[in-house]
Amino acid sequence: MSAPGTRSAYKAFFEIATRWQDNDVYGHLNNVVYYELLDTVANRYLIEQGVLDPETSDQIGLVVESGCKYFASLAYPEVIDVGLRVAHIGNSSVRYEVGAFAKGSDTAAAEAFFVHVYVDAKSRRPKPLKDDFRAVLEKLRG
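Residues numbered from 1 in each chain as written. Predicted model: local features only at pLDDT ≥ 70, side-chain atom pairs only at ≥ 80, totals over all residues. Heavy atoms only, no water.

A. Inspection of the nonpolar core at higher detail. Counting residues in hydrophobic clusters, the biggest one holds 34 residues, and the most contacted among them are Leu46, Leu84, Tyr96, Phe133 and Leu137. Elements supplying a minimum of two residues to this core: strand E1 (12–17), helix H1 (31–48), strand E3 (79–89), strand E4 (93–102), strand E5 (110–120) and helix H2 (131–138). When residues in this core are grouped by element, the largest group, eight residues, is from H1. Those residues within four positions of Phe133 in sequence are excluded, and the remaining contacts are Leu46, Val51, Tyr96 and Tyr118. (Core = buried A, V, L, I, M, F, W, Y, C linked by side-chain atoms within 4.5 Å. Buried < 20%, exposed > 50% of the residue type's maximum accessible area, 1.4 Å probe, protein only. Helix = DSSP H or I, 4+ residues; strand = E, 2+ residues; numbered from the N terminus. Contact = heavy atoms within 4.5 Å.)

B. Geometry of the environment of Val63. Relative to the helices and strands, Val63 is located in strand E2 (residues 59–70). The class of Val63 is partly exposed, set by a relative accessible area of 46%. In this structure, the C-alpha to C-alpha distance between Val63 and Ser93, residues 30 residues apart in sequence, is 9.6 Å. Setting aside anything within four residues of it in sequence, one finds Val63 in contact with Phe114, Val115 and His116.

C. Just the packing of aromatic side chains, in detail. Taken as a whole, this structure holds seven aromatic pairs when the rule is applied. Measuring from ring centre to ring centre gives 5.8 Å for Tyr10 and Phe101, while their planes differ by 80 degrees; the resulting arrangement is edge-to-face. In this pair, Tyr10 is assigned in the segment before E1 and Phe101 in strand E4, connecting sequence segments 91 residues apart. We classify Phe101 as buried; its relative accessible area is 0%. Centre to centre, the rings of Tyr34 and Tyr70 are 5.1 Å apart; their planes meet at 75 degrees, and the pair counts as edge-to-face. Note that Tyr34 is positioned in helix H1 and Tyr70 in strand E2, a separation of 36 residues in sequence. Against the face of Tyr10 rests Arg85, its NZ or CZ located 4.3 Å from the ring centre. Above the plane of the ring of Phe113 lies Arg95, whose end atom (NZ or CZ) is 3.9 Å from the centre. (Phe/Tyr/Trp six-rings, centres within 6.5 Å; stacked < 30°, edge-to-face > 60°. Lys NZ or Arg CZ within 6 Å of the ring centre and 35° of its normal.)

D. Region of interest: the pairing of E3. The buried fraction of E3 amounts to eight of the 11 residues, a majority that puts the element mostly inside the structure. Note that E1 and E3 share six bridges and pair antiparallel. The residue bridging Phe14 from the neighbouring strand is Val82, located in E3. Across nine bridges, E3 lies against E4 in antiparallel orientation. By the bridge assignment, Ile89 is partnered in E4 with Val94. The loop that links E3 with its antiparallel partner E4 comprises three residues. (Pairing = 2+ DSSP bridges.)

E. Inspection of the pattern of salt bridges at higher detail. This model, assessed by the stated rule, comprises 12 salt bridges. Two residues, Arg85 and Glu97, come together in a salt bridge whose shortest N-O distance is 2.6 Å. Taken as a pair, Arg85 in strand E3 and Glu97 in strand E4 lie far apart in primary sequence, 12 residues in all. Residue classification places Glu97 among the buried positions, given a relative accessible area of 15%. Between Glu138 and Arg141 there is a salt bridge, with its nearest N and O atoms 2.9 Å apart. Judged by its relative accessible area of 39%, Glu138 is partly exposed. In this structure Arg141 comes out as partly exposed when scored by relative accessible area, which is 32%. Put simply, Arg7, Glu15, Asp81 and Lys103 are held in one network by salt bridges that share partners. (Salt bridge = Lys/Arg side-chain N within 4 Å of Asp/Glu carboxyl O.)

Structure (C-alpha cells):
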C-alpha cells in the first residue's frame, strides 16, 4: 500500500462533523461513509462555486469509477477535514481525489477517488464540460 498523502496535496478543505450513525460495530467510520464524504465535498464545492444546482442544472455527474485506501481510523464524534483536488479533466469527465484528515493531522487517514462523467440531465448522454465549469475545476487541479 502506498503511503498516505499530506494536506499540502489538496486545494480546498471542508470541515465535516461525523455522525453517530457513521460508526460501525468496530468503532470507526464505516467504509461507506468515505464515499459519502467524496460525494459531499465535490458537490458542495461545485454548488458553492455556482456551477451546479442539483435541481435545475442541465448537466449532472454520474460516478463511473471509485476507490479508497485506508491508513488510520476516524470515528464519531470527530470533526474531520476533507481535502479535495482534481487529478484529471477530460472532455466530459473529471477525476476527483479526496483526503480525510483528523483535526491537527497532516497525514491523511484515508484517500479516495471517483470519476464523474458529466451527462445531459435528461438524456443521460455524455456532454462536454462547459467553460465556466471547467474553469472552476481547474482551480482544484493537483
